[in-house]
Structure formats: structure tokens, C-alpha cells
Amino acid sequence: MRDTSCMNRLSLSTCVLALAALATSAHGAELLAAAAGTNPAPSSRTIFLVRHGQYVSDPSVDEKIGPGISPIGAAQAHMAGARLAGLPIKFDAYYVSPMQRARDTAAVIGQNMPGSQFKVIDDLAECTPPTRDKKIMAEEKPDDMAACTAALNRVFAAYFKPAQGSARNELFVCHGNVIRSLVVRALGVDPDAWLSMSVGHASITKIRIEADARFKIISIGDVGHLPPNLLTGASGDPDRSLAIPALP
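Analysis parameters
Residues numbered from 1 in each chain as written. Predicted model: local features only at pLDDT ≥ 70, side-chain atom pairs only at ≥ 80, totals over all residues. Heavy atoms only, no water. Pairing = 2+ DSSP bridges. Helix = DSSP H or I, 4+ residues; strand = E, 2+ residues; numbered from the N terminus. Axes fitted to C-alpha atoms, helices over the stretch in contact; angles between N-to-C directions. Buried < 20%, exposed > 50% of the residue type's maximum accessible area, 1.4 Å probe, protein only. Contact = heavy atoms within 4.5 Å. Disulfide = S-S within 2.5 Å. Parallel < 35°, antiparallel > 145°, perpendicular 65-115°, else oblique. Left-handed = near helix turned anticlockwise from the far one by under 90°. Nonpolar A, V, L, I, M, F, W, Y, C, P; charged D, E, K, R; others polar. 1 Å grid on protein atoms, 1.4 Å probe; cavity = no way out; pocket = protein on both sides within 12 Å on 5 of 7 lines; lining within 4 Å. Points joined across faces, edges and corners; volume = space filled by probe spheres on them. Patch = residues over 30% accessible without salt bridge, like charges linked within 9 Å, V, L, I, M, F, W, Y side chains within 5 Å. Areas by Shrake-Rupley, 256 points an atom, 1.4 Å probe, with all protein chains shown as cover. Salt bridge = Lys/Arg side-chain N within 4 Å of Asp/Glu carboxyl O. Lys, Arg positive; Asp, Glu negative; His and termini not counted. Charge placed at Lys NZ, Arg CZ, Asp CG, Glu CD. Phe/Tyr/Trp six-rings, centres within 6.5 Å; stacked < 30°, edge-to-face > 60°.

Colleague: Which residues make up the sheet that holds strand β4 (residues 118–120), and what values go with them?
Modeller: Read from one edge to the other, the open sheet built from 6 strands follows the order β4-β3-β6-β2-β7-β8, with strand pairing classed as mixed. The outermost strands of the open sheet, each flanked by one partner alone, are β4 and β8 (215–222). Geometrically, the sheet is characterised by an average inter-axis angle of 20° between neighbouring strands, direction not taken into account. Relative to strand β6 (residues 168–174), strand β3 (residues 93–96) is paired through 4 bridges, and the arrangement is parallel. Looking across to β6, one finds that tyrosine 95 is bridged to phenylalanine 172.

Colleague: Go over the environment of arginine 83, please, and point to the residues and values.
Modeller: Locating arginine 83 in the fold gives a position in helix α3 (residues 71–85). By relative accessible area, arginine 83 is classed as partly exposed at 31%. On a C-alpha basis, the gap between arginine 83 and isoleucine 109 in space is 9.5 Å, while along the polypeptide they are 26 residues apart. The contact partners of arginine 83, leaving out residues within four places of it in the chain, are Ile204, Asp222, Gly224 and His225.

Colleague: With reference to specific residues and values, describe the state of the cysteines.
Modeller: Following the criterion strictly, the structure yields 1 disulfide and no others. For cysteine 127, the disulfide goes to cysteine 148, at an S-S distance of 2.0 Å. With the S-S bond torsion at 60°, the cross-link from cysteine 127 to cysteine 148 turns out right-handed. In this pair, cysteine 127 sits in the loop between β4 and α5 (134–139) while cysteine 148 sits in helix α6 (residues 142–159), placing the two residues 21 residues apart along the sequence. Accessibility classification places cysteine 127 together with cysteine 148 in one group, the buried group.

Colleague: Could you give me a rundown of the pairing of strand β7 (residues 204–209), with the residues and numbers involved?
Modeller: Relative to β7, strand β2 (residues 45–51) is paired through 6 bridges, and the arrangement is antiparallel. Looking at the pairing, threonine 46 lines up with arginine 208 of β7. Where β7 meets β8, 5 bridges bridge the pair, whose relative direction is antiparallel. Bridge assignment links isoleucine 209 to a residue of β8, and that residue is phenylalanine 215.

Colleague: Can you tell me about the packing of α3 against helix α4 (residues 100–111), naming the residues and giving the values?
Modeller: As a packed pair, α3 and α4 sit with axes 8 Å apart at the nearest point and diverge in direction by 45°. As far as their axial angle goes, α4 and α3 are oblique. Our pair here, α3 against α4, has a crossing hand that is right-handed. Across the interface between the two elements, Ala74, Ala77, His78, Gly81 and Leu84 from α3 touch Thr105, Val108, Ile109 and Gln111 from α4. Of the residues in the contact of α3 with α4, the class split is 5 nonpolar, 4 polar and no charged.

Colleague: I'd like to hear about the layout of surface pockets, residue by residue, with values.
Modeller: In this structure, the largest pocket spans a volume of roughly 910 Å³. Take the lining of the largest pocket: its biggest share by element is 5 residues, from α6. A per-class count over the lining of the largest pocket returns 12 nonpolar, 4 polar and 10 charged.

Colleague: Lay out a negative patch on the surface in plain terms, naming residues and giving numbers.
Modeller: A cluster of acidic residues, Asp62, Glu63, Asp143 and Asp144, forms a negative patch at the surface. Mapped onto the elements of the fold, aspartate 143 is located in helix α6.

Colleague: Summarise the packing of aromatic side chains; cite the residues concerned and give the values.
Modeller: Applying the stated criterion across every chain yields a total of 8 aromatic pairs. Their ring planes at 20° and their centres at 5.0 Å tell us that phenylalanine 156 and phenylalanine 160 sit as a pair that is stacked. Each member of the pair, phenylalanine 156 as well as phenylalanine 160, carries the same accessibility label: buried. Look at tyrosine 159 and phenylalanine 172: their rings are 5.4 Å apart centre to centre, the planes differ by 80°, and that puts the pair in the edge-to-face class.

Don't take any of this as a statement about function, it's just geometry.
Structure representation (C-alpha cells):
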């Protein structure tokens, strides 16, 4: 006859060990909390916003997609990717605008980060929200600006909030207007003030949302990974080209 009491004790011990192992992982903690009918505790979320690399305008390309990045833009993206890959963190999610210059930049960055898979978020597409600049306001269509504001509001509501269960690091590759608009939202200042900032190509903006929903702007338009001769896209940066100049 089998010793059923012994078998029951072994089964119980096995279950306890399995639950303990599950609870030690972040995902396991969330599963256990869900099984118990409780919500996981909020935690911090750190968002890295990378502007796309340099590109050359091409009016023949569909403006909703736009042109891809230039060779300079590719070099900038490689350096941004190397810097991000060297950080002592793991990225939990990767997002990218549907526009070609952002997708190209994400593809280059991804070469430095094996296993990265970027999810396309349509609301990250470049657009122009309302601004204090009267000239720009006169050139833009009110419906387009309203649609831009609505898209950025959706992005902010969906992603700029505390994580659940464990801290997260998330990477977004998008555009200058989008990044600046999200920064002023995080700061809680006049949303029309976004044009008072300037972020260069392949720059990194870092925003942390604490567990209690407080925002911390850690960096805006950081280009420390780029040499001076590859700085483009920000106020005061000259236009650059890889074309061979004529010999004086």
C-alpha cells in the first residue's frame, strides 16, 4: 500500500517551491496577483525618446510616409544604438512611428540590440500641434492640428503612466515635434510651448514616471554620443553632407 500521506507532503512541498519561484520573477508576481484577484503594485516606467536620423526632403514621396534617412542619418542612428545598447538596463518594449525615416532609424538601432522588435504606433507619426508661433499657426490647417493633438494625447495617456508590477524601460523612435510635445505634457506646462525647445537628429530624451505618477525629465535632446561634425537637426546646427567637396 502506498504511503499517501508522504505523497501528499511531497506534492505540497513541490507546489510551495513552484509558487516561490514564480513569485520571484516580475511576470510571476503579476500572475500571482491576478490569480489572487489583486492588482500588482505600481512601479516606475522610464521612457527613452529617440528622434530619427537626418534625412533629405523629397517632394515626390508620399508625405504620410516621407523619405528614409541619409547616410549621415544612418551613422547617427548607429551611434545612438550603440549608446542605448551600452546602458546597464534591459528594454522591455520598442515602439516606432510609421514614417520611413523613423523606421529606418529603428532598424539601424536594432542592429545594435539583438532581439529588439519594434511595434509600429500610428499615433507617433510626425505632425504639428498648436504652437505660439503665429506664422506656423497660419500655415497649418485647424483640423490637422486638432488631429495631431488628439494623437499625442492618446500616446501620453497610453504610455506615460506608472508600470504595473515591476519597473519598465521603453524605447520610442519618432519625431521632433512629437518628442517636444510629449515633454511639455510631462512637465505640465503650456502645451503650446513645445516649439521653445529644439532636439537634434538621433538625440535621446529620457523621461521617468515614478510609481506615484510623478514625472522626472532626466534629459532632453541629449547628443553626447555624436561627434560635433555629425550634429544636425537642432537650432544652430549647420546642414551637412557626405558629398566630396571640390579641392580648393
